Amino acid sequence: MIIRRYGVAILLAFMILFLLSAFLLLSFREGAFDSAIMLSGTVFAAFVLVQYNVLAAVFRHLDRFVLLITDFLQIFSIIMLYRLDPATGQKQFIWILVGTVLMVIALVVIRRAGNFGRWNTLFMVLAVGMLGITLVLAQRTHGARNWLTIGPFTFQPSEFAKILFLIVTAYYLSTRQRKRDLWPYFLFTILCVLLLVAARDLGAALLFAGTFLIVFYVGTGSLWITLGAIGAFAGGAVASYYIFGHVRTRVQVWQDPWANYNDSGYQIVQGLLAIASGGLLGTGLGNGMPQSIPVAESDYMFAALCEEFGIIVGVAVIGFYLLFIVRGVLIAMDARTKFSKLLVFGATCLLALQSFIIIGGVIKLIPLTGITMPFVSYGGSSMLSSMMVLGIIEGVAVKNGEYDEAEITEMGGELQ
Amino acid sequence: MNTKSPNRPMKGMLVIFSALFVLLASYLFYSTVTYGEEWFSSPYNPRISAARKVADAGSIYDRNGIPLAWSVGSERRYAENPEMRRAVCHVVGDVYGKSMGAEAFYARYLYGYDQGLIDRFVTAFEGDEKGGDVYLTIDARLCEYIYERMEYNGAVVLMNYETGEVLALVSNPTFDPEAIPDENEEGGSQYLNRATQGRYPPGSTMKIATAACAIQNGLTNAVYNCPGEIVIAGQRITCPRDGGHGEEDLTGAFEDSCNVYFAQLAVALGADRMKQTADAFQFNHEWHFADFAMLESSYSPGNNDGDLAWSGIGQYKDLITPTHDMLIAAAVARQGIMPEPQTLLDVRYGGRSAYTYTPQTVATVTDPVTAASLQTMMRATVVEGTATSADIGAAAVSGKTGTAEYTDNGEIRNHSWFVGFSQDAGHPLAIGVILEGAGFGSRYATPLAASVLDHAIELGY
């Protein structure tokens with residue numbers, strides 16, 4: 001235990017050193033020393049230290065890996081955003097603060113609550129309602145109709161519907177023995193996906209459908225039905241290719257973004273140019289031109305990171321996500337109830353798919369669908385929902401630890 | 001409650017997730033290693049034009065070591081002699097992303113990005129990030145000589161047809177890379193490299209391909225009468241000579257550049273055969289040269305005999321870049337093999353050469369027998385046909401003139417063309433000249449080509 005804490009201290013010290021030296025570089029970018037930027041960096045460093053230590057002290061069974069990885073990703077996010085535009089960085093800082101509060105709330109709720117029982121019906125209505133209202137009211141941005149404006153805030157309801165979807169999924173798949181009793185859940189899933197497709201939010205639709213398929217397979221163990229469902233979704237995807245012009249455009253652009261450089265291929269090409277210009281070690285913070293990539297601060301953060309920190313750090317970030325996923329699945333396997341297992345597994349699955357889809361899209365491995373990079377992209381809704389997903393995972397981790405402790409105490413032992 | 005534990009499928013999914021993320025990382029690594037250099041040096045990359053990096057960039061020299069571009073601190077300087085600076089501006093390019101020259105195409109060398117990953121790792125640690133020096137195949141003084149003699153807008157391109165080295169390439173109007181930005185001047189068209197990016201109707205120079213088609217298809221003995229004009233499918237085609245050329249055979253019609261003869265010849269050959277030959281001569285072909293960017297030329301036989309007739313004499317929808325037209329002459333000189341034009345001679349890092357010039361070919365565009373016949377006809381054109389002003393003493397020049405009609409604000413005007421080569425093992429030179437709106441090919445482009453060839457041979461090329 002002591003050795004592990006020692007390791008955590010080294011890791012934290014390294015992260016803080018990285019953060020502070022990056023902000024020192026950023027403060028000197030305009031020639032003269034900009035104390036406001038250095039102050040922001042220092043405050044964020046202090047926040048990371050306090051957040052980690054307080055959480056680890058209050059929740060003794062917290063999974064430290066997952067929290068540290070999140071902190072690391074958020075440090076990259078803050079550095080890159082302050083580098084692109086300090087005002088955006090500042091806003092992201094606030095979203096991280098609010099997100100941490102929501103994470104703690106989610107953690108406490110999941111730790112205390114059961115499977116939410118009848119509340120799930122309300123959750124389903126709420127989720128479908130949010131997606132439906134968005135479709136009706138939302139303005140179009142970047143080809144998708146997925147933003148709602150309320151007063152001074154714009155938010156993306158699909159991000160919050162995700163959380164409800166995870167809970168409903170875990171509830172139905174853990175409480176219904178017979179598959180025919182799952183029909184309300186099937187209906188709910190199909191409705192969500194259709195609403196997202198209608199809103200042209202293809203990334204989110206893919207995320208919901210993918211999470212459903214994987215968790216359904218894991219929860220029921222029935223490979224054949226899962227394969228059938230994959231077939232149905234694949235059929236839907238092929239049909240949407242023929243029905244929707246924008247889906248066809250995306251596939252064509254993926255095949256040859258250079259041929260469509262002047263319009264739809266511009267963003268992908270600029271992203272690839274940025275990654276190629278960074279090379280193995282990157283240009284160094286502040287030396288590249290990530291501002292030439294459209295929406296570098298949200299969907300294209302990965303390209304911006306690769307340009308200035310090199311593909312070495314790009315590969316490291318992919319590794320961080322994988323480590324996060326491994327820990328998530330381990331927590332799921334360790335969970336005592338099937339509801340908790342499926343909830344954590346679903347949450348992990350969501351983050352896995354989301355990071356794979358956006359990174360794969362940016363590096364042109366798969367067609368690009370505009371979704372955010374968890375914990376890294378700028379955006380309030382995305383940060384808050386990712387932090388709630390983290391809260392769900394940590395909630396179950398804490399619960400697991402408490403069970404372990406109870407069992408050991410029962411046997412007369414003591415958990416350090 | 002479902003009693004089956006989901007742990008087993010979860011483990012399975014974890015394996016799949018791990019595989020996906022390993023794939024992600026591998027693909028990122030693979031694509032950067034494989035395409036990184038090509039992507040980086042793409043003319044679309046705004047980083048190349050970022051002046052900040054200029055301090056680390058290498059210099060550009062002509063084949064004789066005359067400095068054409070170099071960096072002083074964060075400033076990019078270009079050839080000291082202002083006339084030479086303008087003469088080579090399209091080949092050298094600029095760092096503002098206005099034109100597509102060596103500054104953009106060879107950025108990977110100039111900024112040291114052609115080094116392998118390991119080398120870059122080493123240089124990053126050594127802190128020596130100066131790029132390589134680029135040596136071009138062009139002779140800057142020869143370019144200046146040409147530029148001083150160009151009285152019209154247009155392009156001149158001169159190449160060694162055995163090696164493919166481009167010895168001179170001048171496009172007029174020019175710009176001064178030291179005085180950028182001056183966008184409004186000439187409406188920006190001064191940045192266009194007319195030799196590679198300008199698409200013009202080939203006019204009578206197209207008759208090389210039409211004649212090749214006739215020879216390949218055994219139509220060498222066709223004799224047509226030229227009364228000065230002919231109407232084919234309602235379209236009137238004329239010859240500029242009063243009263244026409246009279247009875248003409250293939251060689252005579254080629255020497256005299258008889259439109260009436262070649263219009264009928266094209267119709268006799270038919271759309272399919274004409275299209276086939278044009279395609280073999282690399283019309284409708286996207287060029288993919290490693291170090292050279294060129295627009296596609298186009299040929300279409302049209303839908304009726306009138307269009308077909310016009311297409312056979314280089315009008316209708318025929319469009320060609322001056323460099324491609326020069327390559328056709330080069331292919332004739334080389335027994336039907338079209339060489340690849342190249343402008344990169346050498347790259348040196350701290351004096352150490354890191355590039356080996358290798359001659360390349362595009363394709364075999366016609367057979368040696370046809371090429372030999374074309375050589376004879378093109379030589380005769382210079383000796384006793386429309387291109388007599390190209391008959392210089394220094395070498396046996398062969399060629400074809402062209403006068404390509406185009407409409408400028410409703411007024412019909414003529415581009416003046418000459419493409420040809422010197423049939424001389426010591427001086428394997430191919431040339432293409434176009435002067436926009438100048439008039440007859442024989443009167444404007446041909447004398448310029450003659451003086452350029454004469455001067456190049458004097459210089460030992």
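None of the values given here were measured: they were computed from a predicted structure.

(A) Representation of the side chain of Ser158 of chain A. One can find Ser158 of chain A in helix H6 (residues 157-175). Judged by relative accessible area, Ser158 of chain A falls into the buried class, the value being 6%.

(B) Representation of the environment of Ala397 of chain A in the model. Residues and elements named next belong to chain A. Mapped onto the elements, Ala397 comes out in helix H14 (residues 380-410). Residues Ala397 and Arg64 lie 333 residues apart in sequence; the distance between their C-alpha atoms is 9.9 Å. Apart from residues no more than four positions distant in its own chain, Ala397 is found in contact with His61, Asp63 and Ile331.

(C) Examining the sheet that holds strand E13 (residues 352-353) of chain B more closely. Residues and elements named next belong to chain B. Strand order in the open sheet formed by 6 strands is E3-E2-E1-E4-E12-E13, with mixed pairing between adjacent strands. In the strand order of this sheet, the two ends are held by strand E3 (75-78) and E13, each with one partner. Pairing analysis gives 2 bridges linking strand E12 (residues 344-349) to E13, with the strands arranged antiparallel. Of the residues in E13, the one forming a bridge with Tyr349 is Arg352.

(D) Layout of the interface of chain B and chain A. Chain B puts 36 residues into the contact, and the matching count from chain A is 55 residues. A buried area of about 4,300 Å², summed over both sides, lies between chain B and chain A, and 77% of it is on carbon and sulfur atoms. Joining chain B to chain A, the criterion identifies 0 salt bridges. Our count for the chain B to chain A interface comes out at 2 residue pairs in polar contact (both at pLDDT 80 or more). Of all elements in the fold, only helix H1 (7-40) and helix H6 (117-126) of chain B reach the threshold of two or more residues within the side of chain B that touches chain A. If you tally residues by element for the side of chain B that touches chain A, the top one is H1 of chain B, at 20 residues. Taken together, the residues of the side of chain B that touches chain A sort by class into 24 nonpolar, 7 polar and 5 charged.

(E) The arrangement of the pattern of salt bridges in detail. Counted by the stated rule, this structure contains 20 salt bridges over all chains. When the shortest N-O distance is used, the salt bridge between Arg77 of chain B and Glu178 of chain B registers 2.8 Å. Residue Arg77 of chain B is located in strand E3, and its partner Glu178 of chain B is located in the loop between strand E6 (166-172) and helix H8 (194-197); the two are separated by 101 residues in the primary sequence. Note on Glu178 of chain B: relative accessible area 29%, which makes it partly exposed. Between Glu148 of chain B and Arg149 of chain B there is a salt bridge; the shortest N-O distance is 3.8 Å. Overlapping salt bridges, with partners in common, bring together Asp334, Arg336, Asp404 and Glu407 of chain A in one network.

Here is what the cut-offs are and how they apply
- Residues numbered from 1 in each chain as written.
- Chains lettered and ligands numbered in written order.
- Predicted model: local features only at pLDDT ≥ 70, side-chain atom pairs only at ≥ 80, totals over all residues.
- Heavy atoms only, no water.
- Helix = DSSP H or I, 4+ residues; strand = E, 2+ residues; numbered from the N terminus.
- Buried < 20%, exposed > 50% of the residue type's maximum accessible area, 1.4 Å probe, protein only.
- Contact = heavy atoms within 4.5 Å.
- Pairing = 2+ DSSP bridges.
- Buried area = accessible area lost by both parts, 1.4 Å probe.
- Salt bridge = Lys/Arg side-chain N within 4 Å of Asp/Glu carboxyl O.
- Polar contact = N/O pair within 3.5 Å; in protein donor to acceptor, adjacent residues only side chain to side chain.
- Nonpolar A, V, L, I, M, F, W, Y, C, P; charged D, E, K, R; others polar.

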